[in-house]
Amino acid sequence: MKVRAKCNLVQSQVFSEKLKTTLNAYHNRAISTAQVIEKLIALAKELDAATKRIEALGLTDDEVAFYNALAANDSAAAAMGDDKLKLIAAELITQVKKSLSIDWTLRESARARIRVMVKRILNKYGYPPDLQDVAVKTVLTQAELPCAAWV
């Protein structure tokens, strides 16, 4: 899970929350040790299934991270479909990498430029307007994770 946290924001949040919920239930004595082990095994199987799904999508690790950021909202994922989200993720990677500067996470003007660029790409492909603000924030947060390797 630590490896995923370094490169895939959405997946790390989902799996961390599940782990935290399990451990909190154990600490509150709501579940037994055996149940914790069962839940951890189930979590490991979910991680494995997520990895297999990534391989089935045929995307790079960076593209998958942006794909997950866009598909975090289930209604947007259902409305857009996998193929369109893949296309958006690929274009986002290309454009964000081109637009990054060394201090883009610190300068608000650089962040604003990237935010506008992300919104334009989402509009171009018809991403639901009511969900764009959340998607833009998620994409920007996701872009901060691997940006040191990109710049």
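Cut-offs used in this document
Here the residue index of a chain counts from 1 through its sequence in written order. In view of the model being predicted, local features appear only for residues whose pLDDT reaches at least 70, and side-chain atom pairs are presented and counted only at 80 or more, with totals across whole chains, interfaces and linings using the full set of residues. Think of the side-chain values as coming from all heavy atoms in the structure, minus any hydrogens and water. Where helices are involved, their axes are fitted lines through C-alpha atoms of the stretch in contact, as for all axes, and angles between N-to-C directions lie from 0 to 180°. Helix and strand assignments come from DSSP, with helices taken as H or I runs of at least 4 residues and strands as E runs of at least 2, each series counted from the N terminus. In this scheme, roughly parallel covers angles under 35 degrees and roughly antiparallel covers those over 145, while 65 to 115 is roughly perpendicular and the rest are oblique. Residue contacts are defined here by distance: any two heavy atoms, one from each residue, within 4.5 Å place the two residues in contact. Under the grouping applied here, Gly and all other residues not named as nonpolar or charged are polar, the nonpolar ones being Ala, Val, Leu, Ile, Met, Phe, Trp, Tyr, Cys and Pro and the charged ones Asp, Glu, Lys and Arg. Exposure classes here rest on a 1.4 Å probe applied to the protein chains alone. A residue is buried below 20% of its type maximum, exposed above 50%, and partly exposed in between. Each helix should span, by expectation, one fewer than its residue count multiplied by 1.5 Å. Put simply, a salt bridge is a Lys or Arg side-chain nitrogen that is within 4 Å of an Asp or Glu carboxyl oxygen.

Asks: Residue-level account of the packing of helix H2 (residues 9-27) against helix H3 (residues 33-57), with values.
Replies: Contact pair H2 / H3: the axes reach a minimum separation of 10 Å and the direction vectors enclose 175°. By the angle between their directions, the pair H2 and H3 is classed as roughly antiparallel. Between H2 and H3, the contacting residues are Gln11, Phe15, Lys18, Leu19, Thr22 and Tyr26 on the first element and Thr33, Val36, Lys39, Leu40, Leu43, Glu46, Leu47, Ala50 and Ile54 on the second. Taken together, the residues that form the contact of H2 with H3 break down as nine nonpolar, three polar and three charged.

Asks: Summarise helix H4 (residues 61-70); cite the residues concerned and give the values.
Replies: In terms of residue burial, H4 counts as a mostly covered element, since eight of its ten residues are buried. Taken as a whole, H4 has its buried residues at Glu63, Val64, Ala65, Phe66, Tyr67, Asn68, Ala69 and Leu70.

Asks: Summarise helix H6 (residues 82-99); cite the residues concerned and give the values.
Replies: Helical geometry note: an α-helix holds 3.6 residues per turn, so side chains three or four residues apart project in the same direction. Over its 18 residues, H6 extends 25 Å from the first C-alpha to the last, a length consistent with the 26 Å expected when each residue adds 1.5 Å. For H6, the full list of buried residues reads Leu85, Ile88, Ala89, Glu91, Leu92, Ile93, Val96 and Ser99.

Asks: How would you explain the environment of Tyr125 if you had to name every residue and give the values?
Replies: Note on placement: Tyr125 falls in the loop between helix H7 (108-124) and helix H8 (132-144). Take Tyr125: its relative accessible area is 13%, and that puts it in the buried class. Separated by 41 residues in sequence, Tyr125 and Lys84 place their C-alpha atoms 7.5 Å apart.

Asks: Tell me what's going on with the pattern of salt bridges, and back it up with residues and numbers.
Replies: Overall, the coordinates contain six salt bridges when judged by the stated rule. Notably, a salt bridge pairs Glu91 with Lys124, separated by 3.3 Å at the nearest N-O pair. Linking Glu91 in helix H6 with Lys124 in helix H7, this pair joins segments that are 33 residues apart in sequence. Using a relative accessible area of 17% as the deciding quantity, one classes Glu91 as buried.

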